[in-house]
Amino acid sequence: MSAAPDSTVDRVYNQLRSMAIGYEFKPGEKLNEVALAKRLEVSRTPLREALNRLGIEGLLRFQPGKGFFCRDLDVHEIFHLYELRKVVEIAGARLSIVRAQEDDIRKLLDFLDATGPEPGDRSVAELVDLDETFHEGLLAMSGNSEMMRVLQNVNARIRFVRWIDMRLGDRRSTQLEHRQILQALLARDEAACAALLEKHIDRRLDQITSAIREGYAQIYMGTQAQAAA
């Protein structure tokens, strides 16, 4: 069987990735490849290539002989991903203390000024995108592309929980913490920068449990609302 064109695989991959991140499939649900191929107007070959990529990235589960499944919203998995995120970002910040250019730090401060402490009329998804842009911009100053690759994968896998966090959280406090982290970086204060970042990212198991409970309610209540419409 010949490989599908990269452009087709990339299109299908991006569509499925968005669906998986947003839990358009139910947690634990088996994916119907025939129905997906029809919905995305694509043959089974590029679909399977895209599904395999998502399985490798941890955004879908594959069971030999059974097929692909949506990830469960697993409390301990999300907790471990937050721990990984914290380790990667703090290690990146320590590198950035030495490697970051002052102009780049000030550009990220300008980004905070431009996006403001208030959510305005932005959607939750847009606010999460801004938050990810900040954290990826911070890590970029470390100059370590492999750390960035790991962070982007982790961000995708926890994004649904972060949507819940963002909807229930206080953006003013979040933006203030972002600014404090950058000010510590600008002062080349490694201890302060690492401590501020750890406190900012840290999530307790009970906080994640609560967010996941809210996430399940959103997934299934949304489905019921669509069915009733």
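### Regarding the overall build of the chain
(1) Moving on: A tally of regular secondary structure across the chain gives ten helices and two strands.
(2) Moving on: Ordered by position in the sequence, the α and β elements of the chain form the string α-α-α-β-β-α-α-α-α-α-α-α.
(3) Moving on: For the chain, whose C-alpha radius of gyration is 19 Å, the value lies close to the compact-globule estimate of 17 Å for 229 residues.
(4) Moving on: With 229 residues in all, the chain has 41% of them scored as buried.
(5) Moving on: Pairs at least 24 residues apart make up 79% of the contacts formed inside the chain by residues separated by at least 6 positions.
(6) Moving on: Entry remark: accessible area of the chain is about 12,100 Å², with carbon and sulfur atoms responsible for 51%.

### Looking at the packing of helix H6 (residues 124-140) against helix H8 (residues 171-186)
(1) Moving on: Relative orientation of the contacting elements H6 and H8 amounts to 10°, with a least axis distance of 12 Å. The orientation of H6 relative to H8 falls into the category roughly parallel. Here H6 contributes Leu127, Leu130, Asp131, Phe134, His135 and Leu138 to the contact with H8, which in turn contributes Arg171, Thr174, His178, Ile181, Leu182 and Leu185.

### Some remarks on the pairing of strand E2 (residues 67-70)
(1) Moving on: Alignment of strand E1 (residues 60-63) against E2, held across four bridges, turns out to be antiparallel. When the sheet's bridge partners are listed, Gln63 is paired in E2 with Gly67.
(2) Moving on: The hairpin formed by E1 and E2 contains three residues between the paired strands, and Gly65 there has a positive phi angle of roughly 80°.

### Points about the packing of aromatic side chains
(1) Moving on: Per the counting criterion, the structure on display carries four aromatic pairs.
(2) Moving on: Centre to centre, the rings of Phe62 and Phe68 are 4.8 Å apart; their planes meet at 45°, and the pair counts as tilted.
(3) Moving on: With relative accessibility at 45%, the residue Phe62 sits in the partly exposed group.
(4) Moving on: Following the ring pairs from residue to residue traces out a cluster consisting of Tyr23, Phe160 and Trp163.
(5) Moving on: The residue whose ring lies beneath Arg53 is Tyr13, and the NZ or CZ to ring-centre distance is 3.9 Å.

### Considerations on helix H9 (residues 190-201)
(1) Moving on: A rise of 1.5 Å per residue sets the reference length of H9, with its twelve residues, at 16 Å; its end C-alpha atoms lie 16 Å apart and thus fit the reference within 8%.
(2) Moving on: Looking at H9, one finds that the buried residues are Cys193, Ala194, Leu197, His200 and Ile201. Down the axis of H9, the buried side of the element spans an arc of 130°, and every buried residue falls inside it. Set apart from the buried face of H9 by more than 90 degrees, the exposed residues are Ala191 and Lys199.
(3) Moving on: The elements touched by buried residues of H9 are helix H4 (75-99), H6 and H8.

### Some thoughts on the layout of surface pockets
(1) Moving on: Estimated volume of the largest pocket: approximately 540 Å³.
(2) Moving on: Taken together, 24 residues form the lining of the largest pocket, with Asp165, Gly169, Thr174, His200 and Arg203 sitting closest to its centre.
(3) Moving on: Where the lining of the largest pocket is concerned, the elements lending two or more residues are H4, H6, helix H7 (145-168), H8, H9 and helix H10 (205-228).
(4) Moving on: Sort the elements by how many residues they give to the lining of the largest pocket and H7 lands first, with five residues.
(5) Moving on: Considering only residue class, the lining of the largest pocket consists of six nonpolar, seven polar and eleven charged.

Calculation criteria
Residues numbered from 1 in each chain as written. Predicted model: local features only at pLDDT ≥ 70, side-chain atom pairs only at ≥ 80, totals over all residues. Heavy atoms only, no water. Helix = DSSP H or I, 4+ residues; strand = E, 2+ residues; numbered from the N terminus. Rg over C-alpha atoms; globule rule 2.2 N^0.38 Å. Buried < 20%, exposed > 50% of the residue type's maximum accessible area, 1.4 Å probe, protein only. Contact = heavy atoms within 4.5 Å. Areas by Shrake-Rupley, 256 points an atom, 1.4 Å probe, with all protein chains shown as cover. Axes fitted to C-alpha atoms, helices over the stretch in contact; angles between N-to-C directions. Parallel < 35°, antiparallel > 145°, perpendicular 65-115°, else oblique. Pairing = 2+ DSSP bridges. Phe/Tyr/Trp six-rings, centres within 6.5 Å; stacked < 30°, edge-to-face > 60°. Lys NZ or Arg CZ within 6 Å of the ring centre and 35° of its normal. Expected span 1.5 Å × (residues − 1). Arc of directions from axis to C-beta. 1 Å grid on protein atoms, 1.4 Å probe; cavity = no way out; pocket = protein on both sides within 12 Å on 5 of 7 lines; lining within 4 Å. Points joined across faces, edges and corners; volume = space filled by probe spheres on them. Nonpolar A, V, L, I, M, F, W, Y, C, P; charged D, E, K, R; others polar.

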